[in-house]
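Coordinate inspection notes
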Amino acid sequence: MVDDDDKKIKAPLTLDLPLVEKYRPHILDDIVGNEETIERLKMIAKDGNMPHLIISGLPGIGKTTSILCLARELLGKYYNDAVLELNASDDRGIEVIRNRIKQFAQKKVSLPAGRHKIIILDEADSMTPGAQQALRRTMEIYSNTTRFAFACNISSKIIEPLQSRCAILRYTKLYDEQVLKRLLEIIKMENIEYTNDGLEALLFTAEGDMRQAINNLQSTVAGFKFVTGDNVYKIVDSPHPLIVKKMLLNAVDKDLNKSLQLLDSLWAKGYSAVDLITTSFKVSKNLDINESLKLEIIKIIGLTHLRILEGVGTYIQLAGMLSQLSCQ
């Protein structure tokens, strides 16, 4: 069993580190969200016998961090010698599988009884099918000494033979309350000035992505020294949802001219059709109107979004959407 002192290996807190790295969790207890899945990882850490793992889910919700924390708790002071991490930025074709990964799997490392070397493959769904095929035999031959952990956004892009060899854990996106709690902790530690609408803007733009929320926080502080709603939307270059909300409500209230004026002002600021339609969809879900009308609005926005994604990203599409809304 690894001592508790070995578990808590802290990264140096230097001023040069981005906030997302400075406050990255180092033990499983510090990870936000996905409590049931984290409990399973804690049981693996306690038991010591880690299976091959696939962790899938949206970006920025703690997949890679969870694997790194699990590796630290399993290996403690042996972490640096017994863990190999490869990311999508690395070349991970067949040659890397045959050479670098195989060499690491063959490497002799003295570990406590029941512990294994760990190979972490981040963004595993971007690996070529040939490279994934080459992994099959490697996983079987060296399973007594080495365990594989895959982090991916879409588990279906991992070939079936690898999936059948792994325990699959699925992460869901984080709730706003969970993201808010961590943001407030960071704000307190960094002595950042903020307003409530600034926090709301960070949550709105992050959409359950913790990494996005923290990066937007740091960018806003770097640009304006003060976190307000307007400052956040300027930094992320996103249309202000209050203006978009007013634009939609004017259209629904049959005041098409006012609605088009607001669209004109946003279009003149250089926002793309994708920016405007994406924000319109997010805003429409929270409109305080009749439920059946809300469903019709979402349907119209969805069809417009489809046409824009197919390449027809013109002003006419957005104006046509507003005119359709005014006919409801």
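Residues numbered from 1 in each chain as written. Predicted model: local features only at pLDDT ≥ 70, side-chain atom pairs only at ≥ 80, totals over all residues. Heavy atoms only, no water.

**A word on unusual backbone geometry**
The phi dihedral of Glu207 is positive, around 55°, even though this residue is not glycine. Within the secondary structure layout, Glu207 lies in the loop between α10 (196–206) and α11 (210–224). If you check the backbone angles, Lys254 has positive phi at about 70° while not being a glycine. By the element assignment, Lys254 lies in the loop between α13 (241–252) and α14 (256–268). (Helix = DSSP H or I, 4+ residues; strand = E, 2+ residues; numbered from the N terminus.)

**Quick look at the side chain of Thr279**
Mapped onto the elements of the fold, Thr279 is located in helix α15 (residues 273–284). Contact partners of Thr279, with chain neighbours within four places excluded, come to Phe204, Ser238, Pro239, Pro241 and Val244. (Contact = heavy atoms within 4.5 Å.)

**Some points on the pairing of strand β3 (residues 117–121)**
With five of five residues buried, β3 lies mostly within the body of the structure. Because side chains alternate across β3, one face comprises the buried residues Lys117, Ile119 and Leu121, and the other comprises Ile118 and Ile120, equally buried. By the bridge criterion, four bridges tie strand β2 (residues 83–86) to β3 in an arrangement that is parallel. Residue Glu85 lies in a different strand from β3, and its bridge partner there is Ile120. As defined by bridge partners, β3 adjoins strand β4 (residues 146–152) across five bridges and the pair is classed as parallel. (Buried < 20%, exposed > 50% of the residue type's maximum accessible area, 1.4 Å probe, protein only. Pairing = 2+ DSSP bridges.)

**Let's talk about the packing of aromatic side chains**
Within this structure, the stated rule accounts for three aromatic pairs. For the pair Trp267 and Tyr315, a centre-to-centre distance of 5.8 Å together with 70° between the ring planes defines the contact as edge-to-face. Residue Trp267 is located in helix α14, and its partner Tyr315 is located in helix α17 (residues 315–326); the two are separated by 48 residues in the primary sequence. Assessed through its relative accessible area of 28%, Tyr315 is described here as partly exposed. Positioned over the ring face of Tyr79 is Arg72, at 5.0 Å from the centre of the ring. (Phe/Tyr/Trp six-rings, centres within 6.5 Å; stacked < 30°, edge-to-face > 60°. Lys NZ or Arg CZ within 6 Å of the ring centre and 35° of its normal.)

**Things to note about the domain arrangement of the protein chain**
Domains assigned within the protein chain are domain 1 (19–170), domain 2 (176–236) and domain 3 (241–327). Placing a centre on the C-alpha atoms of domain 2 and another on those of domain 3 gives a separation of 26 Å. Facing the four residues of domain 2 at the interface are four residues of domain 3. Of the roughly 380 Å² buried between domain 2 and domain 3 on both sides combined, carbon and sulfur atoms contribute 66%. Looking only at domain 2, the three residues that lose the most surface to domain 3 are Phe204, Glu207 and Tyr233, adding up to 96% of its buried area. (Domains from an automatic or database assignment. Buried area = accessible area lost by both parts, 1.4 Å probe.)

**Comments concerning empty space enclosed by the protein**
Within this structure, the stated rule accounts for one cavity of 30 Å³ or more. Lining the largest cavity are Gly48, Met50, Leu74, Leu75, Arg115, His116, Ile118 and Arg147. Of the residues that constitute the lining of the largest cavity, the class distribution is four nonpolar, two polar and two charged. (1 Å grid on protein atoms, 1.4 Å probe; cavity = no way out; pocket = protein on both sides within 12 Å on 5 of 7 lines; lining within 4 Å. Points joined across faces, edges and corners; volume = space filled by probe spheres on them. Nonpolar A, V, L, I, M, F, W, Y, C, P; charged D, E, K, R; others polar.)

**Quick look at the pattern of salt bridges**
Counted by the stated rule, this structure contains nine salt bridges. With a closest N to O distance of 2.9 Å, Arg24 and Glu21 form a salt bridge. For Glu21, a relative accessible area of 31% puts it in the partly exposed group. Among the ionic pairs, Asp255 bridges to Lys258, the shortest N-O distance being 4.0 Å. (Salt bridge = Lys/Arg side-chain N within 4 Å of Asp/Glu carboxyl O.)

**Remarks on the environment of Leu135**
With respect to the helices and strands, Leu135 occurs in helix α7 (residues 129–141). In this structure Leu135 comes out as buried when scored by relative accessible area, which is 0%. Each C-alpha atom, one on Leu135 and one on Ile94, is 8.6 Å from the other, the two residues being 41 residues apart in sequence. Setting aside chain neighbours within four positions, we find Leu135 in contact with Ile97, Ile101, Leu121, Met127, Phe148, Phe150 and Leu162.

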